[in-house]
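Per-entry structural report
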Amino acid sequence: YVAKRTSSTFAVYAPEDDRSSIRRLTLLGELRQAITQDQLVLHHQPTVELSTGHVLRTEALLRWKHPTHGLMPPGEFMELAEMSGVVQPLTRWVLRQSVRQVKQLSVDGQFLHVAVNVSARNLYEPDLVDWIVGLLEEERFPGERLTLEITESLLMDDPLLALGVLRRLKAFGISLSIDDFGTGYSSLSYLRDLPIDEIKIDQSFVGAMSLPGGDDTIVRSVIDLGHNLGLAVVAEGVEDWETLERLVELGCDRAQGFLLSQPLPADELAVLLESDRFRRFAHRLDLPDDW
Ligand code: C2E
Ligand code: MG
Ligand code: MG
Ligand code: MG
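Residues numbered from 1 in each chain as written. Chains lettered and ligands numbered in written order. Predicted model: local features only at pLDDT ≥ 70, side-chain atom pairs only at ≥ 80, totals over all residues. Heavy atoms only, no water.

Looking at an unreviewed UniProt entry, one finds the chain named EAL domain-containing protein, with Actinomarinicola tropica as its source organism.

Structure follows, in structure tokens:
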């Protein structure tokens, strides 16, 4: 925000800017305390494997139970966290809690895998990898059950720095996914060289499939690109059956979205995983019956 303001030629005084920066400062102060005051909450959204209909893993999504503003989505405070450095303790809280909550969950008798969103800012922390490895040891949680999701646009800001960190994370068995794919400007050569496992097609492209006159050109192209690079492809933001069926036809590997499940608190996710919801989806999609 500061950068945007100073880069404009004229600074026009607008009283609402003052008010909004006071609001932002207040929010930042509150955010710093949110961790210790137990105001952070995780919701979990399943990612479904489209060849089988089984839940592959769950994505941890942060919410802030603000004392007066109510349950706030990350869109209302993550940018502030990233700009101020609060993102470091925040991400570590999310990682620890995700691992702890998911340890209690299983699906079809198997341990569940968890995906955590990390900010590209986190990749600049010199001790990030050591900290994560320490966490996995303390919590006795194998790296093979952890995926880190990093937004494309942020990753591509400094792909060389990212490369070193991502390689070290991979060495511990951690999977890596590029989030919001298609919204940044990935250099295709970096995409080939980064040690990533998966790309997640941004929900705007997935949503466009079901709009009147919408089409699936981009989704189809990203699926092909991902597969040609040896990556798994996830569609995010799947909200209707037509889209899900089309994704299966297009050979998309994985899907996530309100149609399959809303993001839920861990106890509600546990109930959902015990239900026959995903088996019914698999049946309706005519997937091979291995349930
Ligand atoms: P994301 O990682 O791309 O997560 C997907 C977002 O889409 C989530 O919003 C999710 O609730 C929402 N979503 C899921 N299915 C559907 C659907 O079918 N339709 C629609 N319209 N939306 C759907 P949320 O939870 O508000 O998170 C927004 C973004 O905030 C995330 O995007 C992620 O980039 C960031 N974020 C969330 N939690 C964390 C966190 O712990 N750390 C960091 N650094 N970022 C986080
Ligand atoms: Mg994500
Ligand atoms: Mg995304
Ligand atoms: Mg996003």
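1. Some details on the site of ligand 1
Near ligand 1 you find 22 residues, and of these Arg-63, Asn-117, Asp-179, Glu-239 and Phe-258 are the closest. Asp-180 places a polar side-chain atom, nitrogen or oxygen, 3.1 Å from an oxygen atom of ligand 1. Between an oxygen atom of ligand 1 and a main-chain N or O atom of Phe-258, the distance comes to 2.7 Å. Considered on its own, ligand 1 offers 800 Å² of accessible surface; in the complex 82% of this is hidden by protein. Within the residue set of the shell around ligand 1, elements represented by two or more residues are β2 (55-66) and β8 (175-181). In terms of residue count, the dominant contributor to the shell around ligand 1 is β2 (four residues). In terms of residue class, the shell around ligand 1 is made up of nine nonpolar, six polar and seven charged. (Near = heavy atom within 4 Å. Polar contact = N/O pair within 3.5 Å; in protein donor to acceptor, adjacent residues only side chain to side chain. Areas by Shrake-Rupley, 256 points an atom, 1.4 Å probe, with all protein chains shown as cover. Helix = DSSP H or I, 4+ residues; strand = E, 2+ residues; numbered from the N terminus. Nonpolar A, V, L, I, M, F, W, Y, C, P; charged D, E, K, R; others polar.)

2. Details of the coordination of the magnesium ion (ligand 3)
The coordination sphere of the magnesium ion (ligand 3) contains the protein donors Asp-179 (OD), Asp-180 (OD), Glu-236 (OE) and Glu-236 (OE), at a distance range of 2.0 to 2.7 Å. Linear spacing of the donor residues for the magnesium ion (ligand 3) on their chain is D-D-x55-E. In this structure, the magnesium ion (ligand 3) lies 4.5 Å away from the magnesium ion (ligand 2), the two metals sharing Asp-179 as a donor. Note that Asp-180 is positioned in strand β8 and Glu-236 in the loop between β10 (232-235) and α11 (241-249), a separation of 56 residues in sequence. Judged by its relative accessible area of 24%, Asp-180 falls in the partly exposed class. (Donors = N, O, S within 2.8 Å, 3.2 Å for Na, K, Ca; no water. Buried < 20%, exposed > 50% of the residue type's maximum accessible area, 1.4 Å probe, protein only.)

3. What to know about the packing of aromatic side chains
Applying the stated criterion to the full structure yields three aromatic pairs. Here Trp-64 and Phe-77 contribute two aromatic rings whose centre-to-centre distance is 5.5 Å and whose plane-to-plane angle is 85°, an arrangement assigned as edge-to-face. With Trp-64 in strand β2 and Phe-77 in the loop between β3 (70-72) and α3 (78-84), this pair connects stretches of sequence that are 13 residues apart. With respect to class, Trp-64 is no different from Phe-77; both count as buried. Centroid distance Phe-278 to Phe-281: 6.1 Å. Interplanar angle 65°. Geometry classified as edge-to-face. Note that Phe-278 and Phe-281 are positioned in helix α13 (residues 277-284) at a spacing of three residues, about one turn of the helix. Classification of Phe-278 by relative accessible area gives buried; the value is 4%. (Phe/Tyr/Trp six-rings, centres within 6.5 Å; stacked < 30°, edge-to-face > 60°.)

4. Focus on the environment of Gly-257
On the secondary structure map, Gly-257 appears in the loop between β11 (254-255) and α12 (266-274). Taking relative accessible area as the criterion, Gly-257 reaches 3% and is therefore assigned buried. Sequence separation between Gly-257 and Ser-20 is 237 residues, and the spatial gap between their C-alpha atoms is 33 Å. When near neighbours in sequence (up to four residues on either side) are disregarded, Gly-257 contacts Gln-45, Gly-237 and Val-238. (Contact = heavy atoms within 4.5 Å.)

5. A short note on the confidence of the model for the chain
Mean pLDDT over the chain stands at 91; residues scoring 70 or higher make up 93%. Note that pLDDT drops below 50 for residues 1-8; the model gives that stretch four contacts with residues more than four away or on any other chain. Overall fold confidence for the complex sits at a pTM of 0.92, while the interface term, ipTM, reaches 0.98. (pLDDT = per-residue confidence, 0-100.)

6. Structural notes on unusual backbone geometry
For Arg-140, which is not a glycine, the phi torsion comes out positive at approximately 50°. Note on placement: Arg-140 falls in the loop between α5 (128-138) and β7 (146-151). For Asp-180, which is not glycine, the phi torsion reads 55° and is therefore positive.

7. Observations concerning helix α7 (residues 159-171)
Given a rise of 1.5 Å per residue, 13 residues ought to cover 18 Å, and the 18 Å separating the end C-alpha atoms of α7 matches this to within 8%. Three or more residues of α7 are buried, namely Pro-159, Ala-162, Leu-163, Val-165, Leu-166 and Leu-169. One or two steps after α7, the chain reaches Gly-173, where phi turns positive at roughly 85°. (Expected span 1.5 Å × (residues − 1).)

8. Observations regarding the pattern of salt bridges
Scanning the model with the defined rule gives 20 salt bridges in all. Across the pair Lys-200 and Glu-236 runs a salt bridge, and its minimum N-O distance is 3.9 Å. One end of the pair, Lys-200, is in strand β9 (residues 198-201); the other, Glu-236, is in the loop between β10 and α11, with 36 residues separating them in the sequence. Classification of Lys-200 by relative accessible area gives buried; the value is 0%. Overall, the relative accessible area of 8% leaves Glu-236 in the buried class. Through salt bridges with shared partners, a single ionic network connects Glu-49, Arg-57, Glu-59, Glu-149, Glu-198, Lys-200, Glu-236 and Arg-254. (Salt bridge = Lys/Arg side-chain N within 4 Å of Asp/Glu carboxyl O.)

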